Amino acid sequence: MDRIDSVLGDLPADLYITDPDVVSRYLTDFRRFRTGRSRAVLRPRTTAEVQRIVASCAAHGVPLVPQGGNTSYCAAATPSTQGDELVLSLERLNAVRGIDAANLSLTAEAGCVLSVLQEAANDAGLMLPLDLGSRQSCQIGGNLSTNAGGISVLKHGMARDLVLGLEAVLPDGQLLDVLQPLRKNNTGYDVKQILLGAEGTLGVITAVSLKLARKAAQTVTAFLAIEDIDALTTILARAQQFTGENITSFEYISHHSLALLLAAQDSLRHPLSAPSAHYVLLEAQTCSPVFAMEEAVAQLLEELMGEGLVTDGTLAAGEQQRDRLWYLREHIPEAEVANGGSVKHDVSVPTSVLPAFITEASAIVATHGAGGRLSIYGHVGDGNVHFNVVAPVEAEPGSYKSWLEREVSPRVYDLAVAMGGSFGAEYGIGVVKLDLLDRYGDPAKLHMMRAIKAALDPAGIMNPGKVVRT
Ligand SMILES: Cc1cc2nc3c(=O)[nH]c(=O)nc-3n(C[C@H](O)[C@H](O)[C@H](O)COP(=O)(O)OP(=O)(O)OC[C@H]3O[C@@H](n4cnc5c(N)ncnc54)[C@H](O)[C@@H]3O)c2cc1C
């Protein structure tokens, strides 16, 4: 009997699947970077069952790979190809434990799909202000483990900023129970923070208490055309001022990305009368029923157009038109896939230098990229840009992308870092960015990461090979 048999022997048969056809659905990452091997998928329904699984794996030295919705862009939830790891799917640990409307908080289990929690908050007359394109499949445990960003970071922060309390199973099977939904709790180290963004390498998150927000009484969405990218910073600052810091999303879309999407999907129409070099999808929200948000945004546009900072624009008249504008922003990745996929540089820089970054990085690809097509978009209001490159039409996408990653990507990352930025804004490290972390990570930070990993997971059973080299 090998170690994996010993773990499975410790567990009731209804806690795991071994049918290879079913198991195979958990073995390839979303972007198809990697297909791993695993004999079984463990599927706990309760925190106690997670504890039992982790304790057994610790006792027998079997590594575990926690998996949420498996939408990671960095192959962070995919087992190794050795076949010596077990996948731990959180999909059945999915109860909403409760909503405390007066406390503006929601407590839910890790396997809840993000959109389900958004609906639960909505049904309670409130709002969960975490939102990303994968909302229909990603799980809150995965969101916290990647410290997900998304489209509301500008006003509400990253996933980490929404966490009030956490419940998790540590690598030795101990339960960490700091789940109280408290806004003030200064009682020693804030230990929950090290599990947030740890990509499953320090324990299994089983439940969370999250901050909710008051539902928006007014939402104003605008699609703006911009000719001079240097105007972005001023437009953002002015938009925050006019709306009283109520900009929830400030999403950049380059002409190239929109053109790629319009060409890939025949049914779509350009939202403005003429193309422009750059666009911003801006959204402002307030829970106030009395603040004149629409008037504020209309005045903002009038001023920006008067100064020539914005050359054209449209305000969404109703929910349908808003959805159409957001569709354009959220379906750019599909257009990239239709063109053979892209090399994604998920970088962030201070917003003050973001226009300069886009200009200089574009020049790098124009000079060294052998005809690669740029697709630049992202949550630029918080300094995060997806600076993506699609293969030229005549090139074979796979080999072009490998070449670009080897020859050109380092120049793009060097530029971001030289401008005070980061090579990994919101997708995490997984296995895909380990080399980048080695290259750009602060040595003392890497030392601390290894020390924390060794202290909490000395046997290295939690998602080995991801985030931190041991
Ligand atoms: C269309 C699309 C749009 C996206 N947009 C964004 C975006 O705007 N912003 C953004 O940040 N990301 C985005 N992503 C990336 C991805 O959706 C996020 O990283 C998301 O938070 C991952 O959640 P998941 O449940 O799918 O996690 P998984 O992919 O299953 O896992 C991710 C990591 O978390 C670990 N993990 C999962 N659950 C647990 C748990 N309960 N306990 C411990 N570890 C766990 C895994 O081991 C792995 O390391 C997007 C992806 C897609 C496909």
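Residues numbered from 1 in each chain as written. Predicted model: local features only at pLDDT ≥ 70, side-chain atom pairs only at ≥ 80, totals over all residues. Heavy atoms only, no water.

For the protein chain, the count of helices and strands is 17 helices and 18 strands. For 470 residues, the compact-globule estimate of 2.2 N^0.38 gives 23 Å, and the protein chain sits close to it at 23 Å. Here the protein chain holds 470 residues, and 54% of them are scored as buried. Restricting the contact set of the protein chain to residue pairs at least 6 apart, pairs at least 24 apart contribute 74%. Accessible surface for the protein chain amounts to roughly 19700 Å². Of this, 52% is attributable to carbon and sulfur atoms. (Helix = DSSP H or I, 4+ residues; strand = E, 2+ residues; numbered from the N terminus. Rg over C-alpha atoms; globule rule 2.2 N^0.38 Å. Buried < 20%, exposed > 50% of the residue type's maximum accessible area, 1.4 Å probe, protein only. Contact = heavy atoms within 4.5 Å. Areas by Shrake-Rupley, 256 points an atom, 1.4 Å probe, with all protein chains shown as cover.)

Among the seven residues of strand β8 (residues 163–169), seven are classified as buried, and the element is accordingly described as predominantly covered. Two strands pair when backbone bridges link them, and β8 and strand β10 (residues 204–211) are joined in this way by six bridges, in the antiparallel orientation. Bridging from a neighbouring strand, Gly 165 pairs with Ser 209 of β10. In the sheet, β8 pairs with strand β9 (residues 175–178) via four bridges, with the strands oriented antiparallel. Its bridge partner lying in β9, Leu 166 is registered against Val 178. Counted along the chain from β8 to the antiparallel partner β9, the turn is five residues long, and its residue Gly 173 has a positive phi close to 95°. (Pairing = 2+ DSSP bridges.)

With 55 residues, the main nonpolar core has Leu 232, Ile 235, Phe 250, Leu 282, Phe 357, Ile 358 and Phe 387 as its most contacted residues. Looking at this core, the element that brings in the most residues is helix α13 (residues 354–368), giving six residues. Not counting residues within four places of it along the chain, the set of residues in contact with Leu 282 comprises Val 220, Thr 221, Ala 222, Leu 224, Ala 239, Ile 247, Ser 249, Phe 250 and Leu 300. In terms of nonpolar packing, the next biggest core, distinct from the first, is built from 52 residues, Leu 106, Leu 132, Val 204 and Val 208 among them. (Core = buried A, V, L, I, M, F, W, Y, C linked by side-chain atoms within 4.5 Å.)

In this section: the domain arrangement of the protein chain. What the domain assignment lists for the protein chain is domain 1 (1–215 + 435–470), domain 2 (218–332) and domain 3 (339–427). A straight line from the C-alpha centre of domain 1 to that of domain 3 covers 29 Å. Each partner contributes residues to the interface: domain 1 has 14 residues there, and domain 3 has 13 residues. Buried area between domain 1 and domain 3, summed over both chains or domains, comes out near 1300 Å², and the portion from carbon and sulfur atoms is 62%. The largest contributions to the domain 1 side of the interface with domain 3 come from Tyr 73, Leu 436 and Tyr 440, which together make up 38% of the buried area. Between the two partners, domain 1 and domain 3, sit one salt bridge. Between Asp 414 and Arg 439 there is a salt bridge; the shortest N-O distance is 3.0 Å. Joining domain 1 to domain 3, the criterion identifies five residue pairs in polar contact (both at pLDDT 80 or more). No other element matches helix α16 (residues 434–440), which puts four residues into the side of domain 1 that touches domain 3. By residue class, the composition of the side of domain 1 that touches domain 3 is nine nonpolar, three polar and two charged. (Domains from an automatic or database assignment. Buried area = accessible area lost by both parts, 1.4 Å probe. Salt bridge = Lys/Arg side-chain N within 4 Å of Asp/Glu carboxyl O. Polar contact = N/O pair within 3.5 Å; in protein donor to acceptor, adjacent residues only side chain to side chain. Nonpolar A, V, L, I, M, F, W, Y, C, P; charged D, E, K, R; others polar.)

Applying the stated rule across the entire model yields three cavities of 30 Å³ or more. Here the largest cavity is characterised by a volume of approximately 70 Å³. At the level of elements, α16 and α17 (443–456) are the ones that each hand at least two residues to the lining of the largest cavity. In terms of residue class, the lining of the largest cavity is built from six nonpolar, no polar and three charged. As a volume, the second largest cavity reaches approximately 60 Å³. Along its surface, the second largest cavity is lined by Leu 232, Thr 233, Leu 236, Phe 250, Thr 351, Leu 354, Pro 355 and Val 380. Elements with a contribution of two residues or more to the lining of the second largest cavity: α8 (231–242) and α13. (1 Å grid on protein atoms, 1.4 Å probe; cavity = no way out; pocket = protein on both sides within 12 Å on 5 of 7 lines; lining within 4 Å. Points joined across faces, edges and corners; volume = space filled by probe spheres on them.)

Turning our eyes to something else, we now look at the side chain of Ser 276. Following the sequence through the fold, Ser 276 ends up in the loop between α9 (255–264) and β14 (278–286). A distance of 3.0 Å separates a polar side-chain atom of Ser 276 from the backbone oxygen of Ile 226. Separated by 3.1 Å, the side chains of Ser 276 and Glu 227 make a polar contact. Beyond its immediate stretch of four places on either side in the chain, Ser 276 contacts Ala 225, Ile 226, Glu 227, His 255 and Thr 311.

The environment of the ligand is made up of 35 residues, and the closest members are Pro 66, Gly 68, Gly 69, Thr 71 and Ser 134. Here an oxygen atom of the ligand and a side-chain polar atom of Asn 143 are 2.9 Å apart. Alone, the ligand offers 970 Å² of accessible surface; in the complex the protein occludes 95% of this. Secondary structure elements with two or more residues in the shell around the ligand: β3 (64–67), α5 (140–145) and β10. No other element matches α5, which puts four residues into the shell around the ligand. Looking at the shell around the ligand, its residues break down into 13 nonpolar, 20 polar and two charged. (Near = heavy atom within 4 Å.)

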